[in-house]
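These are the residues of each chain, in order.
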Amino acid sequence: MAIDYTKGKKVQPQKYPYPQQAGQPKKVILIFPPDWYPSEPYLSLPTLTAFLRKAGHCVIQKDMNLEMYDWFFSEEGLNLILERTPRKHTHFNITKLTEKAESAKTIIRSQEFYNVDKLEWAMNVFREVTDTISLAYAPARICMPPMETDLNYKLFMSSEILKAVEDTQVNVYRDVFNHILKPAIEAEEPDIIGISIVLKQQLFSSITFCAMIKEQFPGIHITIGGNTVTRLRDVLPQARNMFSLFDTAIMYEGETAFLQLVNAIGTDRDFSTIPNLIFKDSTGIHISTITSAEDMPTLPPPDFDGLSLEKYFVPDRILPYLSTRGCYWGRCKFCDHGEGYTAGYRAKNIDQIIEEIQHLRDKYQVSHFHFPDESYPPALFKKLTRRLIKDDLQIAWSTHLRFEESLLDDKVWEDAEKSGCKFLHMGFESGSERVLKLMGKATTTEVIQRSLEASSGHGVWNHVMGFFGFPGETFEDAKITVRFLEDNKEHVHSIGFGTFDLSKYSPVLKNAERFGVTYNKNPEWDLALDYYFTVKEGLGIEDAERVLAEFEQSHYKGWDLRIYIREYVFLYVAHYGTNKLPLLQFRVQQK
Ligand code: SF4
């Protein structure tokens, strides 16, 4: 049940018959669309930018997500938006609201952020402002935080997305385009615009931008890419009306494909020679039969030049940096991360990693890093911590980790602490040995417990992620999970729990019978990325939701944080130099 990387005839970027340099330099705008919490740049833009600039192209990076929220919480943006509000709702004081919005932004971008009362006040102001903005786009609900904006259309149907694109009442992104993106396109006059769609929630804004660019700037080539596009690659060619709003789509890793596309535009080159591409011609929409995967050591470090780093909603900049592609483990049966790749796990070597972190630290004056690797490999984790100490990089960092027997030694955690490791996202999933086995996690509750104790004892904040309802999991298994977490609450600092989703490319779905799963694909829901299912044994969807609801009601109150944004907790741990932060605990503090 290993990941299948065979997704077309593989071509190696280095041996590719077309040059990796710009023939004729072109101007590219890269867009990161809303909605995402604006705490740090998303890595796709700086990664592609570095690659395209190295080849000689001119790139303008636009984090539209950041710019949108900056505009929402500004006097100019709010006044413009609230002009749309029906008179019966204009009982609020706009001047007072804009003053509060600007003050809230000042707090989250200054050292006042570390006063939790002030930070909580700022977050409440963001909620109040987005609630008020919602009145202008009713019945849409604009929500931040949490990131739950809802345009009142179904995301899993292309026909609904197309209706949302045209709906001038609910579609807030139309105004975002007119006031932010359109002036930038007019000023820059790009040849190509690329939009990186990571989450399916970004489809509304992305397709809206595509439609409005096509209408107002028909000469610009639009390409979309990213994780969601990769997962929709089988249905995009059928969604012809949606595909008419952009020109091409890039699947899997984007560097070589994007560069080859940029080089090819304006020439008579056949697009079928470009790897990872979905394209159209007079005969229809086609998927390229060749694929490429990047050779990690040859990739340049991300290039953040042109992004307004000072505008992110944090007091101390956090930069993302990736050392690996793919997951070194890759065997968890619920996980489809491997679907984004056409080659297995690859890594940069430790010298290069340290050199690049140092380069980013010095160039962008940053001391906080997020390493968003799928799961940081244990051997590299140990090397990284030792080298960060030896080279005295003096950074604070966070990453994602699997519970590994090879990471139990206390020295590992001593090094992690000394090297500045502050926050770990831990893939716990379940406290039941039986379910861990079913999932293919290949770890034990003893390893989990000892890892939690060791990391917590060395100042690391453990954010433990899990879910209920893996096929075959029983009520008893779920109780064991709850009991395990309660027993170890001293070393579990925060939790992120949900229920099992049967995602489109997961090993469970590919082996549904073996897991006792029956699922249903609704043909009208063409963009669905997970499906409704029933199980032969154990918790079904509704049971798992009940278990989760009960867990949320009755779990240890110390896990209910006043501020629940992971990057913010990371910054607090780094700032206060401890993982013991009762000031963040909501209900415990109020007792
Ligand atoms: S859940 Fe995490 S560790 Fe497991 S395969 Fe997916 S990325 Fe790798």
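Just so it is clear, the structure is predicted and the values come from calculations on it, not from any experiment.

A count of helical and extended segments in the chain gives 21 helices and 20 strands. A globule of 591 residues ought to have a C-alpha radius of gyration of about 25 Å, and the chain, at 24 Å, matches this closely. Reported as C-alpha extents along the three principal axes, the dimensions of the chain are approximately 65 × 60 × 55 Å. The proportion of buried residues among the 591 residues of the chain is 46%. In the chain, of all internal contacts separated by at least 6 residues, the share reaching a separation of at least 24 is 77%.

Along its 13 residues, helix 16 (residues 445–457) runs 18 Å from first to last C-alpha, staying within 8% of the 18 Å computed at 1.5 Å per residue. Turning to helix 16, its buried residues are Ile 448, Ser 451, Leu 452, Ala 454, Ser 455 and Ser 456. In this fold, the buried residues of helix 16 make contact with helix 14 (410–419), strand 15 (421–429) and strand 16 (461–468). A positive backbone phi angle near 80° is found at Gly 459, which sits one or two residues after helix 16.

Quick look at the environment of Met 212 now. Checked against the element boundaries, Met 212 lands in helix 8 (residues 203–216). Once residues lying within four places of it in the same chain are set aside, the contact partners of Met 212 are Arg 174 and Phe 177.

Our next topic: the domain arrangement of the chain. Parsing the chain into structural domains produces domain 1 (9–64 + 170–291) and domain 2 (316–499 + 556–590). Placing the centre of domain 1 and that of domain 2 at their C-alpha centroids yields a distance of 32 Å. Contacts between the two partners involve 12 residues from domain 1 and, on the opposite side, 12 residues from domain 2. Residues of the side of domain 1 that touches domain 2, tallied by class, amount to four nonpolar, four polar and four charged.

Here the focus is the nonpolar core. Ranked by size, the top nonpolar core spans 158 residues in total, and within it Val 129, Ile 207, Phe 209, Cys 210 and Val 569 carry the most contacts. When residues are assigned to domains, this core turns out to be shared by domain 1 (9–64 + 170–291) and domain 2 (316–499 + 556–590), each giving three or more.

We now examine the packing of helix 3 (residues 75–82) against helix 4 (residues 94–108). How two helices sit against one another is set out by the angle between their axes and by the gap between those axes. Direction vectors running N to C along helix 3 and helix 4 enclose 140°, while the axes themselves pass 9 Å from each other. Here helix 3 is positioned oblique relative to helix 4, judged by the angle of their axes. Pair helix 3 / helix 4 crosses with right-handed handedness. Contacts between helix 3 and helix 4 involve Glu 75, Leu 78, Asn 79 and Leu 82 on the former and, on the latter, Ile 94, Leu 97, Thr 98, Ala 101 and Glu 102. Here the contact of helix 3 with helix 4 is composed, by residue class, of five nonpolar, two polar and two charged.

Moving on, we get to the sheet that holds strand 19 (residues 517–520). Spatially, 18-20-19 is the arrangement adopted by the three strands of the open sheet, whose pairing is antiparallel. What marks the edges here is a single partner per strand, and that holds for strand 18 (502–503) and strand 19.

Summarising the sheet, strand 2 (residues 27–32) and strand 3 (residues 58–63) pair through six bridges and their orientation is parallel. Each bridged residue has a counterpart across the sheet, and for Val 28 the counterpart in strand 3 is Val 59.

Attention now moves to the packing of helix 13 (residues 378–390) against helix 14. Look at helix 13 against helix 14: their axes get within 8 Å of each other, and the N-to-C directions meet at 45°. The angle between the axes of helix 13 and helix 14 places the two elements in the oblique class. The hand of the helix 13/helix 14 crossing is left-handed. Two secondary-structure elements touch here, helix 13 through Lys 382, Thr 385, Arg 386, Leu 388 and Ile 389 and helix 14 through Val 412, Asp 415, Ala 416, Lys 418 and Ser 419. Tallied by class, residues from the contact of helix 13 with helix 14 come to four nonpolar, two polar and four charged.

In this chain, Pro 34 is followed by Asp 35 through a cis amide linkage whose omega measures 10°. In the segment running from Met 144 into Pro 145, the intervening peptide bond is cis, with an omega of -15°. Along the polypeptide, Pro 145 turns up in the loop between helix 5 (116–136) and helix 6 (158–166). Of note in the backbone geometry, Glu 189 takes a positive phi value of approximately 45° without being a glycine.

Before going further, it helps to examine the sheet that holds strand 13 (residues 368–371). Pairing in this open sheet of six strands is parallel, and the strands run 10-13-14-15-16-17 from one edge to the other. Of all the strands in the sheet, just strand 10 (318–320) and strand 17 (494–499) have a single pairing partner and so form its edges. Strand after strand, the sheet turns through a mean of 15° between neighbouring axes, direction not considered.

Quick look at the pairing of strand 20 (residues 530–535) now. As paired strands, strand 18 and strand 20 are joined by two bridges and run antiparallel to one another. Among the inter-strand pairings, Leu 502 is bridged to a residue of strand 20, identified as Tyr 531. As paired strands, strand 19 and strand 20 are joined by four bridges and run antiparallel to one another. In the sheet register, Tyr 519 faces strand 20, and the bridge partner there is Phe 533.

With respect to the element layout, Asp 336 can be found in the loop between strand 11 (324–325) and strand 12 (346–347). With 20 C-beta atoms counted inside 10 Å, the residue Asp 336 sits in the buried group.

Looking at the secondary structure, you find Pro 34 in the loop between strand 2 and helix 1 (44–54). The class for Pro 34 is buried, based on 27 C-beta atoms found within 10 Å. Sequence-distant contacts of Pro 34, that is, excluding residues within four places in its chain, are made with Met 64, Asn 65, Met 68, Tyr 173, Gln 202 and Ser 205.

Once that is clear, we can look at helix 4. Along its 15 residues, helix 4 runs 21 Å from first to last C-alpha, staying within 8% of the 21 Å computed at 1.5 Å per residue. Among the residues making up helix 4, those that are buried are Leu 97, Ala 101, Ala 104, Lys 105, Ile 107 and Ile 108. All buried residues of helix 4 fall inside an arc of 160° around its axis, so they share one side. Projecting away from the buried face of helix 4 at angles above 90 degrees are the exposed residues Thr 95 and Lys 96. Those residues of helix 4 that are buried lie in contact with helix 3 and helix 5.

Thresholds, definitions, all that
Residues numbered from 1 in each chain as written. Predicted model: local features only at pLDDT ≥ 70, side-chain atom pairs only at ≥ 80, totals over all residues. Helix = DSSP H or I, 4+ residues; strand = E, 2+ residues; numbered from the N terminus. Rg over C-alpha atoms; globule rule 2.2 N^0.38 Å. Buried ≥ 20, exposed ≤ 12 C-beta atoms within 10 Å, placed from the backbone. Contact = placed C-beta atoms within 7 Å. Expected span 1.5 Å × (residues − 1). Domains from an automatic or database assignment. Nonpolar A, V, L, I, M, F, W, Y, C, P; charged D, E, K, R; others polar. Core = buried A, V, L, I, M, F, W, Y, C linked by C-beta atoms within 7 Å. Axes fitted to C-alpha atoms, helices over the stretch in contact; angles between N-to-C directions. Parallel < 35°, antiparallel > 145°, perpendicular 65-115°, else oblique. Left-handed = near helix turned anticlockwise from the far one by under 90°. Pairing = 2+ DSSP bridges. Arc of directions from axis to C-beta.

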